[in-house]
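# Breakdown of the fold
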Amino acid sequence: MKGLRMTRQRAAIFDAAVALTPRERDVCRLMTKGYPNREIAAEHGTAPGTVKLQRASVLDKLQVRGMSELARLFADAGDAGVNIEDVHIDHDPGRPVGL
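Just so we're clear, the structure is a prediction, and the values are computed from it rather than from any experiment.

Turning next to the pattern of salt bridges. Evaluation of the coordinates by the stated rule reveals three salt bridges. Where Glu24 meets Lys61, a salt bridge forms, and the shortest distance between an N and an O atom there is 2.9 Å. Of this pair, Glu24 sits in helix H2 (residues 22-32) while Lys61 sits in helix H4 (residues 48-61), and the two are 37 residues apart along the sequence. For Lys61, a relative accessible area of 29% translates into the label partly exposed. A salt bridge links Glu69 to Arg65; the nearest nitrogen and oxygen atoms lie 2.9 Å apart. Since its relative accessible area comes to 26%, Glu69 is described here as partly exposed.

Below is the structure:
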């Protein structure tokens, strides 16, 4: 039963990570390392306001309300064997995405 729960959890986390754009995944990575908006903006060559919007989009797409929930999601993802930072989807939109 635990294996089935982990498989469902892994699929749910993977699906959430797939919803992120490559830029959002990178913003997410930097967020979890504690970078402030100003430093993320400098890293990407954008304005801090843009990063603020990207952070909000990441939290929304991953269905978390803040950094503590995001940290918990990353911990759960690691437990389930999913590395959110490394999710890359190159597929035909007409085909289903597999794990």
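On to H4, then. Compared with the 20 Å implied by 1.5 Å per residue over 14 residues, the 20 Å span of H4 between its first and last C-alpha is a close match. Burial in H4 covers these residues: Val51, Gln54, Arg55, Ser57, Val58 and Leu59. Taken from the residues just after H4, Gln63 is the one with a positive phi, measuring 55°.

In terms of nonpolar packing, the biggest core is built from 18 residues, with Met31, Leu62 and Leu70 touching the most fellow members. Taken together, the elements giving at least two residues each to this core come down to helix H1 (2-18), H2, helix H3 (37-44), H4 and helix H5 (67-79). Ignoring sequence-local partners within four residues, the contact set of Leu70 consists of Cys28, Met31, Thr32, Leu59, Leu62 and Val64.

Moving on to the side chain of Gln54. Residue placement: Gln54 occurs in helix H4. In contact with Gln54, other than residues within four places in its own chain, are Arg23 and Val27.

What follows is about the packing of H2 against H4. At a minimum axis distance of 9 Å, the contact between H2 and H4 shows a crossing angle of 95°. For the element pair H2 / H4, the angle class is roughly perpendicular. Where H2 abuts H4, its residues Arg23, Glu24, Val27, Cys28 and Met31 lie against Gln54, Arg55, Ser57, Val58, Leu59 and Lys61. Broken down by class, the residue content of the contact of H2 with H4 amounts to five nonpolar, two polar and four charged.

What follows concerns the confidence of the model for the chain. Summarising the model, the chain shows a mean pLDDT of 77, and 69% of its residues fall at 70 or more. Mean pLDDT values for the elements of the chain range from 68 in H1 up to 96 in H3. Segment residues 89-99: pLDDT under 50, and nine contacts once partners within four positions in sequence are set aside and those in other chains are kept.

Parameters at a glance
Position numbers for residues start from 1 in each chain and track the written sequence from start to end. It should be noted that, the model being predicted, local features are given only for residues of pLDDT at least 70 and side-chain atom pairs only at 80 or more, the latter also being counted only at that level, while totals for whole chains, interfaces and linings use all residues. Side-chain calculation: all heavy atoms of the structure are included, whereas hydrogens and water are not. Only one rule defines a salt bridge in this text: a Lys or Arg side-chain nitrogen within 4 Å of an Asp or Glu carboxyl oxygen. Per the convention used, a helix needs a DSSP run of H or I reaching at least four residues, while a strand needs a run of E reaching at least two, with both numbered from the N terminus. Any residue under 20% of the maximum accessible area for its type is buried, any over 50% is exposed, and the rest in between are partly exposed; the area is computed with a 1.4 Å probe on protein chains only. Expected helix span is computed as 1.5 Å times (number of residues minus one). Nonpolar core, defined: a set of buried Ala, Val, Leu, Ile, Met, Phe, Trp, Tyr and Cys residues in which side-chain atoms within 4.5 Å join the residues together. A contact between two residues is defined here by any heavy atoms of the two lying within 4.5 Å. To get an axis, a line is fitted to the C-alpha atoms, and for a helix only the part in contact is used. The angle between two axes follows their N-to-C directions and goes from 0 to 180 degrees. Working definition: roughly parallel below 35 degrees, roughly antiparallel above 145 degrees, roughly perpendicular at 65 to 115 degrees, and oblique for all remaining angles. Three classes are used, and their members are as follows: Ala, Val, Leu, Ile, Met, Phe, Trp, Tyr, Cys and Pro are nonpolar, Asp, Glu, Lys and Arg are charged, and the others, Gly among them, are polar. What pLDDT reports is the predictor's confidence in each residue, on a scale of 0 through 100.

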